[in-house]
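# Structure at a glance
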Amino acid sequence: MARGRLRIYLGAAPGVGKTYAMLSEAHRRIERGTDCVVAFVEHHDRPRTEVMLHGLEEIPRKELEYRGAVFTEMDVDAVLARRPQVALVDELPHTNIPGSRNAKRWQDVEELLAAGIDVVSTVNIQHLESLGDVVEAITGVRQQETVPDEVVRRADQIELVDMSPQALRRRMAHGNIYQPDKVDAALSNYFRPGNLTALRELALLWVADRVDEYLNEYRSEHRVSTIWGSRERIVVGLTGGPEGRTLIRRAARLAEKGAGGEVLAVYISRSDGLTSASPKELAVQRTLVEDLGGTFHHVVGEDVPLALLDFARGVNATQIVLGVSRRRSWQYVLGPGVGATVARESGPDLDVHLITHDEAGKGRLPLGRSARLGRSRIIWGWLAGVLGPVLLTWLLAGAAPEVGLANDMLLYLALTVAAALLGGLLPALTSAAVGSLLLNWFFTPPVHTLTIADPKNIVAIAIFVGVAVSVASVVDLAARRTQQATRLRAESEILSFLAGSVLRGETSLEALLERVRETFGMEAVALLERADDVAPWTCAGSVGPQPCRTPENADVDMPVGDHMTLALSGRVLPASDRRVLAAFAAQAAVVLDRQRLQQEADQAKELAEGNRIRTALLAAVSHDLRTPLAGIKASVSSLRSDDVEWSEQDRAELLEAIEAGADRLDLLVGNLLDMSRLQTGTVTPIVREADLDEVVPMALGGVPEDSVRLDIPETLPMVHVDKGLLERVVANVVENAVKYSPADTPVLVKASSIADRVEVRVVDRGPGVPDEAKERIFEPFQRYGDSPRGAGVGLGLAVARGFTEAVGGTLTAEDTPGGGLTMVLSLPLAPGRRPERPDLPAAVTS
């Protein structure tokens, strides 16, 4: 059976018209003869949406009873039995009522798709799982109902239902989304212009990324190599020099001029060993491009212009940013340079920007391995050494036969020096040999024979050969020494960087392995270890695709001690590179040890904290518990005394002191035990639905009757908490507020719903707490100000915050306007109990 197709209408916020668009699509399909039914659609009392349901067949919903209330959900079995061609399912991220077939509605949709039924659904951008943190930062609300991004990405069609923030607010003001009495609250809360603009940008960018994926898939399937400038992608070619920072910033400014612009910085190294760039400079440039929102890439290639163009076309780039060449004027004799070659070969689809910088014209970068004579220079050297003497002979014999033997020798000598400069020793020796033979045959009497009649000419030719060989040797030796010096310089920079990172403790294991991969031009790098000689190898860290799992499978392995090795795959390294590789391997082992020591230190810190808590608990038991115990014992001893006749009033006072001491003991011991549970991680909340108007009054038994004023509406939605823990939280917070609030000013406890959460605010008019101490008051054994020892052990707020976080809530402190402190307790709503208030957009999807 073919899988059904999923079509999703995506919106930036509630009310943009997703449900309306879905119903309009259903009417169009029915007019074309498609069997289309409504599996689940919420019109939210919006007249225009409700009208669109007329004429559509609706599958009866399934009723579920949960905690004394009846709820309706989509009847998956009924839809499967009806088996339509298309089913409309609203609110894809919805959480089903406990007892339903699946926990989430998107799982219901997966069943319909698997049965071959096409589904049309709706999603708001704030419900995508990957955007939870971003949406929370924008709106201040964490979305509890989410749908995995992959579910939405797998949709066959995603259609954006867009509306400007101003138009959406006008719809809200006209009463097209909420009832008139709820409009003002909605416009001043969630539907603020800034919120709507940010959410709209999120939706547009997410859809643009999805379209970009479709485009890349199409180009790959159809093997499209030409560049389609659908989106500005700017590739920055880096050389590893300091001018790279200028190029990255310039590219970032170019990207900002177009919506959705993207910067990709790429460094291309040769595959013959150490890269020529400074590792430290590349690290700085990598950090810079990532800070500017771009990405850094490392590519291995022998032909730099070709590799750069291949990379740019592979990522469908539209522009390339390069720096003006560092070459001096005379160096252009050796070739046009990377910039000119890229500009010539880029074609009409790629724009090439050559950016001026401070290093332009100051000379080429000092080279590392690339200082070794390249292939093109060697070819030119052999051409000069073999064909050069032949061409010179033809010119001298035909055009200037009377130059003289001495001048002929000097010309051949100059050609040999040129061959040495270009190709090194072997081409120069070949030039000397060929030149001496041609000089003897054509210009030394008797000509056209290898016989030399004049002994002076024999000496001259011998001197010529000797000078040619000597010059070639000197030139080749100088080139080798230059190569060695630049290579040692590159190695020293790498080792210096490693030493600095060790001292600073900056490099993580993954970053170090990535540095190894970039430095040596490898495909993958892995750090392997094992317990002993016969134990299997395990991977402690790796970078790159398909890293080696055993040293035997690696192209290069560098042992570190007896039971650890650095395994590289991609190519075989020359022996000269293994010295630096050994330094990297030793550093990798040090970094791994440091990470493990850090983990052990963190564990030791946790143990030390536990010991500190236990020590404080013992101190609390020895002092703070002794006072109520002493009071209880004194009162009991007095009551049991036979030599004193107590009046009824005295007896009542003694019993009241015993009861007060027992209550105080109960509170102190409870907090001590709760803190111990939190420290040991044994708090296991039983999360269920709860009504605040039932829990909060029960938590106020330990405070005087007139000390608290409640403002908790009965219409508040139910919250998703552990009732017992919530009661302890409210009790601790309220008791703390009563303790510091003036006796004639009651503490206000009020609750309200905001988005998908309920806030309980405990407001006192006490001395307040300065901003720098607002977090410290939640630490264990902290008392504010000059609180006496008898005021408690300082665990009430610490226990309250711990229990709050255990049930998925937050507890924070704010200043009370006019003086005092306000404790804000934020709790999540129960699944399926979304409020209908206008400031709760998560409860509504259009």
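For the structure, see preceding data.
Residues numbered from 1 in each chain as written. Predicted model: local features only at pLDDT ≥ 70, side-chain atom pairs only at ≥ 80, totals over all residues. Heavy atoms only, no water.

## Thoughts on the overall build of the protein
Within the protein, the secondary structure is distributed over 24 helices and 24 strands. For the protein, with 846 residues in total, the buried portion stands at 47%. Look at the contacts in the protein between residues 6 or more apart in sequence, and 72% of them connect residues 24 or more apart. For the protein, the exposed area adds up to about 41800 Å²; of that, 55% sits on carbon and sulfur atoms. (Helix = DSSP H or I, 4+ residues; strand = E, 2+ residues; numbered from the N terminus. Buried < 20%, exposed > 50% of the residue type's maximum accessible area, 1.4 Å probe, protein only. Contact = heavy atoms within 4.5 Å. Areas by Shrake-Rupley, 256 points an atom, 1.4 Å probe, with all protein chains shown as cover.)

## Quick notes on the pairing of strand S2 (residues 36-40)
Among the five residues that make up S2, five are buried, leaving the element largely enclosed by the rest of the structure. With four bridges connecting them, S2 and strand S6 (residues 86-89) associate as parallel partners. The residue of S6 that forms the bridge with Val38 is Leu88. Pairing analysis gives two bridges linking S2 to strand S3 (residues 57-58), with the strands arranged parallel. In the strand pairing of S3, Val37 is matched with Glu57. The handedness of the S2 to S3 crossover, carried by helix H2 (residues 47-52), is right-handed. (Pairing = 2+ DSSP bridges. Right-handed = clockwise from strand over helix to strand, strands pointing away.)

## Considerations on the sheet that holds strand S21 (residues 747-754)
Spatial ordering of the open sheet is given by S19-S21-S22-S24-S23, a layout of five strands whose pairing is mixed. Either end of the sheet is taken by a strand with one partner, and the two such strands are strand S19 (708-711) and strand S23 (810-815). Ignoring strand direction, the axes of neighbouring strands in this sheet form an average angle of 20°. Of the pairings in the sheet, the one linking S21 to strand S22 (residues 757-763) comprises seven bridges and is antiparallel in character. Following the sheet pairing, Ser753 is matched in S22 by Val758. Sheet strands touched by helix H23 (residues 723-740): S19, S21, S22, S23 and strand S24 (821-828). Its angle to S24, the strand with the most contacts, is close to 170°. Lying over the sheet, helix H24 (residues 796-806) contacts S23 and S24, oriented at roughly 130° with respect to S23. (Axes fitted to C-alpha atoms, helices over the stretch in contact; angles between N-to-C directions.)

## Brief notes about the side chain of Asp75
Relative to the helices and strands, Asp75 resides in the loop between strand S5 (69-73) and helix H3 (76-82). Lys62 is the oppositely charged side chain nearest to the buried, salt-bridge-free Asp75, at an N-O distance of 5.4 Å. (Lys, Arg positive; Asp, Glu negative; His and termini not counted. Salt bridge = Lys/Arg side-chain N within 4 Å of Asp/Glu carboxyl O.)

## As for the environment of Pro559
Topologically, Pro559 is positioned in strand S16 (residues 556-559). In this structure the C-alpha to C-alpha distance between Pro559 and Leu528, which are 31 residues apart in sequence, comes to 9.4 Å. Residues in contact with Pro559, not counting those within four places in the same chain, are Met564 and Thr565.

## Remarks on the state of the cysteines
Under the criterion given, the structure shown has zero disulfides. Unpaired in this structure, Cys539 has its nearest cysteine sulfur neighbour in Cys548, at a distance of 9.8 Å. By relative accessible area, which is 31% here, Cys539 ends up partly exposed. Take Cys548: its relative accessible area is 8%, and that puts it in the buried class. (Disulfide = S-S within 2.5 Å.)

## Thoughts on a negative patch on the surface
Together, Asp650, Glu653, Glu656, Glu659, Asp663 and Asp666 line one region of the surface with negative charge. Along the chain, Glu656 turns up in helix H21 (residues 648-680). Overall, Glu656 belongs to the exposed group, its relative accessible area being 55%. (Patch = residues over 30% accessible without salt bridge, like charges linked within 9 Å, V, L, I, M, F, W, Y side chains within 5 Å. Charge placed at Lys NZ, Arg CZ, Asp CG, Glu CD.)

## As for the packing of aromatic side chains
The tally for this structure, following the rule as stated, stands at zero aromatic pairs. Sitting over the ring of Phe40, Arg105 keeps its end group 3.8 Å from the ring centre. The aromatic ring of Phe778 is capped on one face by Arg801, whose charged end is 3.9 Å from the ring centroid. (Phe/Tyr/Trp six-rings, centres within 6.5 Å; stacked < 30°, edge-to-face > 60°. Lys NZ or Arg CZ within 6 Å of the ring centre and 35° of its normal.)

## Describing the nonpolar core
For soluble globular proteins, nonpolar side chains are generally found buried alongside one another. In this structure, Leu692, Val734 and Met823 are the most contacted members of the largest nonpolar core, which totals 43 residues. Elements represented by at least two residues in this core include exactly helix H22 (692-698), strand S20 (719-721), H23, S21, S22, H24, S23 and S24. In terms of residues, this core owes the most to one element, H23, which gives nine residues. (Core = buried A, V, L, I, M, F, W, Y, C linked by side-chain atoms within 4.5 Å.)

## Points about the pattern of salt bridges
For the structure shown, the criterion picks out 23 salt bridges. A salt bridge links Arg5 to Asp156; the shortest N-O distance between them is 3.8 Å. Taken together, the positions of Arg5 in the segment before strand S1 (6-11) and Asp156 in the loop between helix H6 (149-153) and strand S8 (157-161) put the pair 151 residues apart, joining distant regions of the chain. Taking the relative accessible area as the measure of exposure, Arg5 reaches 47% and is therefore partly exposed. The partly exposed category is assigned to Asp156, whose relative accessible area is 32%. Note that Arg761 and Glu814 form a salt bridge whose closest N and O atoms lie 2.7 Å from each other. With Arg761 in strand S22 and Glu814 in strand S23, the pair connects residues that are 53 residues apart, well separated along the chain.

## Some details on the sheet that holds S16
Pairing is antiparallel across the open sheet formed by four strands, whose spatial order is S15-S14-S17-S16. A strand with exactly one partner marks an edge of an open sheet, and here the two such strands are strand S15 (538-543) and S16. Direction aside, neighbouring strands of the sheet carry axes that sit 20° apart on average. Note: strand S14 (residues 524-529) against strand S17 (residues 564-569), six bridges, orientation antiparallel. Pairing of Ala526 across the sheet is with Ala567, part of S17. Strand contacts of helix H18 (residues 509-520): S14, S15 and S17, with the helix running at about 65° to S15, the strand carrying the most contacts.

## Some details on helix H5 (residues 132-139)
Taken together, the buried positions of H5 are Gly132, Val135 and Thr139. For H5, the arc enclosing every buried residue in end-on projection is 70°, short of the 170-degree limit, so these residues lie on one face. For H5, the exposed residues lying more than 90 degrees away from the buried face are Asp133 and Ala137. (Arc of directions from axis to C-beta.)

## Considering the pairing of S24
Burial runs high along S24: eight of the eight residues are buried. The alternating pattern of S24 places Leu821, Met823, Leu825 and Leu827 and Thr822, Val824, Ser826 and Pro828 on opposite faces, both of which are buried. Across six bridges, S23 lies against S24 in antiparallel orientation. Looking across to S24, one finds that Leu811 is bridged to Leu825.

## Structural notes on a positive patch on the surface
There is a patch of like positive charges on the surface, built from Arg249, Arg250, Arg253 and Lys257. Along the chain, the position of Lys257 falls in the loop between helix H10 (243-256) and strand S10 (262-269).

## Looking at unusual backbone geometry
Of note in this structure, Arg83 is not a glycine but carries a positive phi near 50°. Within the element layout of this structure, Arg83 appears in the loop between H3 and S6.

## Looking at the packing of helix H12 (residues 304-314) against helix H13 (residues 338-345)
The geometry of H12 relative to H13 is characterised by a closest axis approach of 9 Å and an angle of 45° between their N-to-C directions. In terms of orientation, H12 lies oblique with respect to H13. Like other packed secondary-structure pairs, H12 and H13 cross with a definite hand, here right-handed. Taking contact as the criterion, the partners of Val304, Pro305, Leu308, Leu309 and Arg313 in H12 are, on H13, Val338, Thr341, Val342 and Glu345. (Parallel < 35°, antiparallel > 145°, perpendicular 65-115°, else oblique. Left-handed = near helix turned anticlockwise from the far one by under 90°.)

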